[in-house]
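Chain by chain, the residues run as shown.
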Amino acid sequence: MRFMVIVKANADTEAGVMPTTEQLTAMGKFNEELVNAGIMLAGEGLHPSSRGARIRFGKERQVIDGPFTEAKELIAGFWLIQGKSLDEVKEWMKRAPMEDGDELEIRQVFDADDFGAEFTPELREQEERLRAKSASQHAA
């Protein structure tokens, strides 16, 4: 099962405060443990919302430039984790080198089988083809 672990933003991340060398070292060590355990698929930090945008859909497509107001509802980074269960991922993420008050949210990523019969063999083939093409374009 795949899980997205969402790092919640805070006032510092939204202000663009960069991590210290010590924080980067601790995070690098933790990420190395995840990679060595074979469960980390990806992980990245995100720029503050002031450098982002949202697109609101309706009759008109509206672009809303950041910053966005509620830091606690924003994302500062993520991991994509492969785990056997939610419990396993929770145990790993409790070890993350986060600061007091920081918050992580863990959400399972849908797999093809989760969609049932509506995800026809043709749609599955298309999804597999697109994933393979995307992976080959980004390899190197």
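Just above sits the structure.
Residues numbered from 1 in each chain as written. Predicted model: local features only at pLDDT ≥ 70, side-chain atom pairs only at ≥ 80, totals over all residues. Heavy atoms only, no water.

Colleague: I keep staring at the overall build of the protein chain and nothing clicks. Help me out?
Modeller: Check the secondary structure of the protein chain and you find four helices and six strands. The principal-axis extents of the C-alpha atoms in the protein chain amount to approximately 50 × 45 × 35 Å. The buried share of the protein chain, reckoned over its 140 residues, is 21%. Nonlocal contacts in the protein chain, meaning residues at least 24 apart in sequence, comprise 75% of its contacts between residues at least 6 apart. As displayed, the protein chain offers around 10,400 Å² of accessible surface, 53% of which is attributable to carbon and sulfur atoms. The centroid of the 18 positive side-chain charges in the protein chain is displaced by 4 Å from the centroid of its 26 negative side-chain charges. (Helix = DSSP H or I, 4+ residues; strand = E, 2+ residues; numbered from the N terminus. Buried < 20%, exposed > 50% of the residue type's maximum accessible area, 1.4 Å probe, protein only. Contact = heavy atoms within 4.5 Å. Areas by Shrake-Rupley, 256 points an atom, 1.4 Å probe, with all protein chains shown as cover. Lys, Arg positive; Asp, Glu negative; His and termini not counted. Charge placed at Lys NZ, Arg CZ, Asp CG, Glu CD.)

Colleague: Whenever I open this one, the packing of aromatic side chains confuses me. Can you help?
Modeller: Aromatic ring pairs are described here by two measures, namely the spacing of the ring centres and the angle between the planes. Per the stated rule, a full pass over the model turns up three aromatic pairs. Centre to centre, the rings of Phe-30 and Trp-79 are 5.8 Å apart; their planes meet at 80 degrees, and the pair counts as edge-to-face. Taken as a pair, Phe-30 in helix α2 (residues 21–36) and Trp-79 in strand β5 (residues 75–82) lie far apart in primary sequence, 49 residues in all. Taken as a pair, Phe-30 and Trp-79 share a single burial class, namely buried. Ring centres of Phe-115 and Phe-119 lie 5.7 Å apart, and the angle between their planes is 50 degrees; this geometry places the pair in the tilted category. Among the residues examined, Phe-119 registers a relative accessible area of 16% and is labelled buried. (Phe/Tyr/Trp six-rings, centres within 6.5 Å; stacked < 30°, edge-to-face > 60°.)

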